[in-house]
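Topology and contacts: notes
In case you want the letters, here they are:
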Amino acid sequence: MSAPEGAHRSSGGGRGTRRAPERLLHRLEWQVVRRLEGQLPAAHRARAYGAGLDVADLRAYVPGDDVRHIDWNVTARLDEPHVRRYTEDRDITAWLLVDRSASMAFGPSGRGKDVVMAELATALASVLVRRGNRVGAILYDRTVERTIPPRTGRAHVLRMAHELMRPPPGDGGATDLSGLLQAAQGTLKRRSLVFLLSDFLSAPGWERRLGDLARRHELVAIQVVDPLEGELPDVGLIVVQDAETGEQVLVSTSDPVFRGRLEQVARDREAALLASTSHAGVDLYRLSTDEDVATALVRMVRDRAARAR
């Protein structure tokens, strides 16, 4: 996706940078977490049967049993349908799959998609751990940048915020979300609540892996966007730069044909994304850089609870 030249990643060092994660977490605890506390895990439990369940034993299938609980391996060996019985584990294991590719740098100075993504991920983690749940993360650029094992506690969220605010080490190049989804499949051993956080500006081919992951886990996709990605202001000639390849092109934002094509490309991309997530059975939400994270998250949680009902 081309972006106006000047979009950049935040970076820095020293004492101010070390204190930044603490300031971010403190602000989110007041603005977001207190409004969401108690809603997110409850909305999830109302929706999913298995993210907080452990297998207790097996027994023969009887009419009325949930067919999703059939153990097909045991059924094949014994030549008789058997179902798993579960005991409920009240704690949720949640994972954040975070796209930190170069296109996430796009957006207003100090409020790019990467900044909004860090706030979103930190807020989700903070809400979940305050209920005693464990949260882990996989940070991904063109490859897996870091895997943070699931733990609970405020200190753990603070560490996650620190990693999320650290500039990615990648040097550009096209994003392929298939790698992130494949890494998640190999890392997540028990059924989990999974948040995929991305702008979904990716090479094609990740859609099948999304479906594979959704069959094993409760998966929620949140797309982080910036309004200028689909509708440029009429400001005359500007240089646009592809955030991932570095290619630069001079364009006229006053050209109605160019503006129309850009808007159509954005509409087609959104329609394709919605079709892919719907096909995989994954709920898709959007968060824009011009939105308040607290308000957007409350909206998402309430919508998800309404869908569950």
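Look up a bit, the structure's there.
Positions within a chain are numbered from 1, following the residues in the order the chain's sequence is written. Note on the predicted model: pLDDT of at least 70 is required for a residue's local features to be given, and 80 or more for side-chain atom pairs to be given and counted; whole-chain, interface and lining totals, by contrast, use all residues. Only hydrogens and water are set aside; all other atoms, that is, all heavy atoms of the structure, feed into the side-chain values.

The next subject is the side chain of Ser192. With respect to the helices, strands and loops of the structure, Ser192 is situated in the loop between helix 6 (177-187) and strand 7 (193-198). The classification of residues rests on relative accessible area computed with a 1.4 Å probe and restricted to protein chains. Under 20% of the type maximum is buried, over 50% is exposed, and intermediate values are partly exposed. Taking relative accessible area as the criterion, Ser192 reaches 1% and is therefore assigned buried. At 2.9 Å, the side chain of Ser192 and the backbone oxygen of Arg190 are in polar contact. Numbering of helices and strands runs from the N terminus; a helix is a DSSP stretch of H or I covering at least four residues, while a strand is a stretch of E covering at least two. Throughout this description, a polar contact denotes any pair of N or O atoms lying within 3.5 Å of each other; where both atoms belong to protein, one of them has to be capable of donating a hydrogen while the other can accept it, and for residues adjacent in sequence the pair is counted only when both atoms sit in side chains.

Let's shift gears to a nonpolar patch on the surface. Residues Leu237, Val239 and Leu250 make up a contiguous nonpolar surface patch of roughly 290 Å² in combined accessible area. Mapped onto the elements of the fold, Leu237 is located in strand 9 (residues 237-242). Exposure above 30% relative accessible area and the absence of a salt bridge qualify a residue for a patch, where like charges join within 9 Å and nonpolar side chains (Val, Leu, Ile, Met, Phe, Trp, Tyr) within 5 Å. Surface accessibility follows the Shrake-Rupley procedure with a 1.4 Å probe radius. Residue values consider only the protein chains on display as shielding. By definition, a salt bridge exists where a carboxyl oxygen of Asp or Glu is found within 4 Å of a side-chain nitrogen of Lys or Arg.

Take the side chain of Asp226 next. Along the chain, Asp226 turns up in the loop between strand 8 (218-225) and strand 9. For the purpose of charge, His is not counted, nor are the chain termini; Lys and Arg are scored as positive and Asp and Glu as negative. Look at Asp226: it is buried, it has no salt bridge, and the nearest opposite charge is Lys113 at 7.7 Å. Only heavy atoms enter the contact rule, under which two residues are in contact if any of them lie within 4.5 Å. Apart from residues lying up to four places away in sequence, Asp226 is in contact with Phe106, Gly107, Pro108, Lys113 and Thr289.

Only strands joined by at least two bridges in the DSSP assignment are considered to pair. Taken together, the six strands give an open sheet; going across it, the order is 6-5-4-7-8-11, and neighbouring strands pair in mixed fashion. Two strands in the sheet have a free side with no partner beyond their single neighbour: strand 6 (144-151) and strand 11 (283-288). With direction set aside, neighbouring strand axes in the sheet form an average angle of 15 degrees. As judged from the six bridges shared by strand 7 and strand 8, these two strands associate in the parallel manner. Along strand 8, the bridge assignment pairs Leu193 with Glu218. Axis lines are fitted through C-alpha atoms, for helices just across the contact stretch, and the angle between N-to-C directions can take any value from 0 to 180 degrees.

Right, let's talk about the pairing of strand 5 (residues 134-140) for a bit. Among the seven residues that make up strand 5, six are buried, leaving the element largely enclosed by the rest of the structure. Judged from the seven bridges that link them, strand 4 (residues 93-99) and strand 5 form a sheet pairing that is parallel. Bridge pairing in strand 5 links Leu97 to Ile138. Whether a crossover is right-handed depends on one test, that the path from the first strand over the helix to the second runs clockwise when the strands point away from the viewer. As for the winding sense of the linkage, the β-α-β connection from strand 4 through helix 4 (residues 113-129) to strand 5 is right-handed. Examined bridge by bridge, strand 5 and strand 6 share five bridges and lie antiparallel to one another.

Attention now moves to the packing of helix 7 (residues 207-216) against helix 8 (residues 256-280). Between two packed helices, the angle of one axis relative to the other and the distance separating the axes together describe the packing. Following both chains from N to C, one finds helix 7 and helix 8 inclined at 30 degrees, their axes separated by 8 Å at the closest point. Crossing geometry of helix 7 relative to helix 8 is assigned as right-handed. Contact residues: helix 7 offers Glu207, Leu210, Gly211 and Ala214, while helix 8 offers Ser276, Thr277 and Ala280. In this scheme the handedness of a crossing depends on how the near helix is turned from the far one: anticlockwise by less than a right angle means left-handed, clockwise means right-handed.

Within 6.5 Å between ring centres, the rings of Phe, Tyr and Trp (the latter by its six-membered ring) count as paired, and their orientation is classed by plane angle as stacked under 30 degrees, edge-to-face over 60, tilted in between. Summed over the entire model, instances satisfying the criterion amount to one aromatic pair. When the ring of Phe200 is compared with that of Trp206, the centres are 5.6 Å apart and the planes differ by 45 degrees; the resulting orientation is tilted. Exposure remark for Phe200: the relative accessible area of 7% places this residue in the buried category. Classification of Trp206 by relative accessible area gives buried; the value is 4%.

This next bit is on the pairing of strand 7. For strand 7, the tally of buried residues reaches six of six residues, placing the bulk of the element in the interior. The two faces of strand 7 match: Leu193, Phe195 and Leu197 on one face and Val194, Leu196 and Ser198 on the other face are all buried. Across five bridges, the pairing between strand 4 and strand 7 is parallel. Each bridged residue has a counterpart across the sheet, and for Leu96 the counterpart in strand 7 is Phe195. Between the parallel pair strand 7 and strand 8, the chain is carried across by helix 7, and the sense of this crossover is right-handed.

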